[in-house]
Amino acid sequence: MPLNQQQLEKEGIYEAKAPLAALLADLDQIARFTEIAAARKKRHAKIGGFTMLGGLVLAFILTPLGVLAIVVGLGWWIYSFFAGGKLVKHPVRVGVATERLKMIQEDAGAKAQFSLKLALATKPVKLRDEAWSHRKNGKQEFFEEDWFALQGQLLDGTYLNDDVKELLRKRHFTNPRGKSKTKTRTQYLVNVRLSYPASVYADARPAEKALHGQIKVGTGAMLRAVRVNEKAIVLKAVVSQDREIATTMGMLSVGAYRILNLARKVAVKGANK
Amino acid sequence: MTPPSVPPGWKCPKRTGFLFPHQCTRLTPVGCPDCQGGQVDDPYARRARYSYSDYDTYDDSMTFFALDSVAHHFENSQDFTEADGETLVTPQDAFEDDMSAS
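Residues numbered from 1 in each chain as written. Chains lettered and ligands numbered in written order. Predicted model: local features only at pLDDT ≥ 70, side-chain atom pairs only at ≥ 80, totals over all residues. Heavy atoms only, no water.

Student: Would you explain the domain arrangement of chain A in this entry?
Tutor: How large an interface is tends to be reported as the accessible area lost when its parts come together. Residue and element names in this part refer to chain A. For chain A, the assigned domains read domain 1 (1–119) and domain 2 (124–273). With centres defined by C-alpha atoms, the gap from domain 1 to domain 2 works out at 29 Å. With 22 residues of domain 1 at the contact, the number on the domain 2 side is 22 residues. Counting each side, the surface lost to burial between domain 1 and domain 2 is near 1,700 Å², with a carbon and sulfur contribution of 62%. Looking only at domain 1, the three residues that lose the most surface to domain 2 are Arg93, Val96 and Arg100, adding up to 34% of its buried area. Counting across the domain 1 and domain 2 interface gives three salt bridges. Two residues, Arg93 and Glu145, come together in a salt bridge whose shortest N-O distance is 3.1 Å. (Domains from an automatic or database assignment. Contact = heavy atoms within 4.5 Å. Buried area = accessible area lost by both parts, 1.4 Å probe. Salt bridge = Lys/Arg side-chain N within 4 Å of Asp/Glu carboxyl O.)

In structure tokens, the structure reads:
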């Protein structure tokens, strides 16, 4: 289905329910839109810069015209920050979604419908603000932005449910020289939930205990929760670099399936007894 | 060079998959990136999975521990059969086309 570039630039949200191959084709199209928008943004910045430079030279010969060129160039340069809209704000997000979809593609049916929501840029929701006593006039604010959600059924009957949240902390304070400062820290909360069929895996809890929770994540990620019950495995990790998100989702899924694959083997042996 | 011909109705007997094993649905091994044209015996076991070098192998102690824990489950439930688990590695032909299953 052809996508509307202008709408994506304005709204910044892609949402669809389709087989993985179709979703991947859409993401490929969005990646091309992003490249075009980024090139346009760069071009506008260059035009603005050269106009300002030309105006500066012209100002020595014909001052009013030179000043006018500088003003126009400055306006053009400022406009370049907004050119490309929401498409260019987080270009890495399209890559994360593409990598995740490709990762699960061979374990999903060609016709299986998956729901994908990808926010290229939305306004983060403010969770709370509070005083920060460590610095003079200290205050901290916490924001959250849900930007990736994927749901669908894999070939073994398991429902996969992924989501990624961007967590932003802003700290405002006054430094010893009396200047106001703001420091931000971004982290990403990655959730992977696998609701497995009892007819294939029976109960995964004994397998999880037997493996002693051997879930691995990369060096840029921290495992925050592993919950296994008779119906689902839920894994949470916090990632500090956005380039680690797709790998973390992959490692969490592989870790969860190491439990499920043991559960299946145990279930088969148990049925044989 | 002409690739070796594949008999009509040929089905790949190999396991494939990234997260869990399932039957390969390709109609020919020619140009297959998983078994590399039939050269790899078990593409599922050969897959690289981050730092999980022992992904498909479990100590007997692990299996024993888990089996012991679920013994109670099987004593009290007749819902699960051997065939349920085996369908994963030898799925039915209709599995892929069954929209209700995917």
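Now that the structure has been shown, the text picks up again.
Student: Any chance you could explain empty space enclosed by the protein here in plain terms?
Tutor: One way to see where empty space is left: roll a probe the size of a water molecule over the atoms. All names here are of chain B. Scanning all chains against the criterion turns up two cavities of 30 Å³ or more. In this structure, the second largest cavity encloses a volume near 30 Å³. For the second largest cavity, the full set of lining residues is Cys12, Lys14, Thr16, Cys24, Cys32, Asp34, Cys35 and Pro43. (1 Å grid on protein atoms, 1.4 Å probe; cavity = no way out; pocket = protein on both sides within 12 Å on 5 of 7 lines; lining within 4 Å. Points joined across faces, edges and corners; volume = space filled by probe spheres on them.)

Student: In this structure, what is going on with the environment of Pro2 of chain A? I would like to understand it.
Tutor: Residues and elements named next belong to chain A. Its location among the elements puts Pro2 in the segment before helix 1 (5–11). For Pro2, a relative accessible area of 71% corresponds to the exposed category. In sequence terms Pro2 and Asp26 are 24 residues apart; their C-alpha atoms lie 7.8 Å from each other. (Helix = DSSP H or I, 4+ residues; strand = E, 2+ residues; numbered from the N terminus. Buried < 20%, exposed > 50% of the residue type's maximum accessible area, 1.4 Å probe, protein only.)

Student: Where do I start with a nonpolar patch on the surface in this structure?
Tutor: Residues and elements named next belong to chain A. On the surface, a cluster of nonpolar side chains totalling about 930 Å² of accessible area is made up of Ile47, Phe60, Ile61, Leu62, Leu65, Leu68, Val72, Trp76 and Tyr79. Mapped by element, the contributors of at least two residues to the nonpolar patch are helix 2 (20–61) and helix 3 (63–80). The leading source of residues in the nonpolar patch is helix 3, at five residues. Within the fold, Phe60 resides in helix 2. (Patch = residues over 30% accessible without salt bridge, like charges linked within 9 Å, V, L, I, M, F, W, Y side chains within 5 Å. Areas by Shrake-Rupley, 256 points an atom, 1.4 Å probe, with all protein chains shown as cover.)

Student: Hey, could you run me through the environment of Ala149 of chain A in this one?
Tutor: If you trace the backbone, Ala149 of chain A turns up in strand 4 (residues 139–153). The sequence separation of Ala149 of chain A and Ser115 of chain A amounts to 34 residues, and the corresponding C-alpha distance is 7.8 Å.

Student: Where do I start with the confidence of the model for chain B in this structure?
Tutor: All names here are of chain B. On average, residues of chain B carry a pLDDT of 72, and 64% of them reach 70 or more. Confidence, read as mean pLDDT per element, is least for helix 4 (residues 94–97) in chain B (36) and greatest for strand 2 (residues 22–23) (92). This stretch, residues 90–102, has a pLDDT under 50; its non-local contacts, to residues over four places away or in other chains, come to 18 contacts. Model confidence for the complex: the whole-complex pTM is 0.82, and ipTM, which rates the interface, is 0.83. (pLDDT = per-residue confidence, 0-100.)

Student: Explain the packing of helix 2 of chain A against helix 3 of chain A here, please?
Tutor: Helix-helix packing is characterised by the crossing angle of the two axes and by the distance between the axes. All names here are of chain A. Interhelical geometry of helix 2 versus helix 3 gives an angle of 165° and a closest axis separation of 7 Å. Taken together, the axes of helix 2 and helix 3 lie roughly antiparallel to each other. By crossing handedness, the relation of helix 2 to helix 3 is classed as left-handed. On helix 3, the residues that touch Lys41, His44, Ala45, Ile47, Gly48, Thr51, Met52, Gly55, Leu56, Leu58, Ala59 and Ile61 of helix 2 are Thr63, Leu65, Gly66, Ala69, Ile70, Gly73, Leu74, Trp76, Trp77, Tyr79 and Ser80. Considering only residue class, the contact of helix 2 with helix 3 consists of 14 nonpolar, eight polar and one charged. (Axes fitted to C-alpha atoms, helices over the stretch in contact; angles between N-to-C directions. Parallel < 35°, antiparallel > 145°, perpendicular 65-115°, else oblique. Left-handed = near helix turned anticlockwise from the far one by under 90°. Nonpolar A, V, L, I, M, F, W, Y, C, P; charged D, E, K, R; others polar.)

Student: Looking at this structure, how should I read helix 3 of chain A?
Tutor: Residue and element names in this part refer to chain A. The end-to-end C-alpha distance of helix 3, which contains 18 residues, comes to 26 Å, matching closely the 26 Å that a straight helix rising 1.5 Å per residue would cover. Of the residues making up helix 3, those classed as buried are Gly66, Ala69, Gly73 and Ser80. Considered in projection along helix 3, the buried side chains sweep an arc of 60° and stay on one side of the axis. Those residues of helix 3 that are exposed and aimed more than 90 degrees away from the buried face are Pro64 and Val71. Contacts made by the buried residues of helix 3 are with helix 2. (Expected span 1.5 Å × (residues − 1). Arc of directions from axis to C-beta.)

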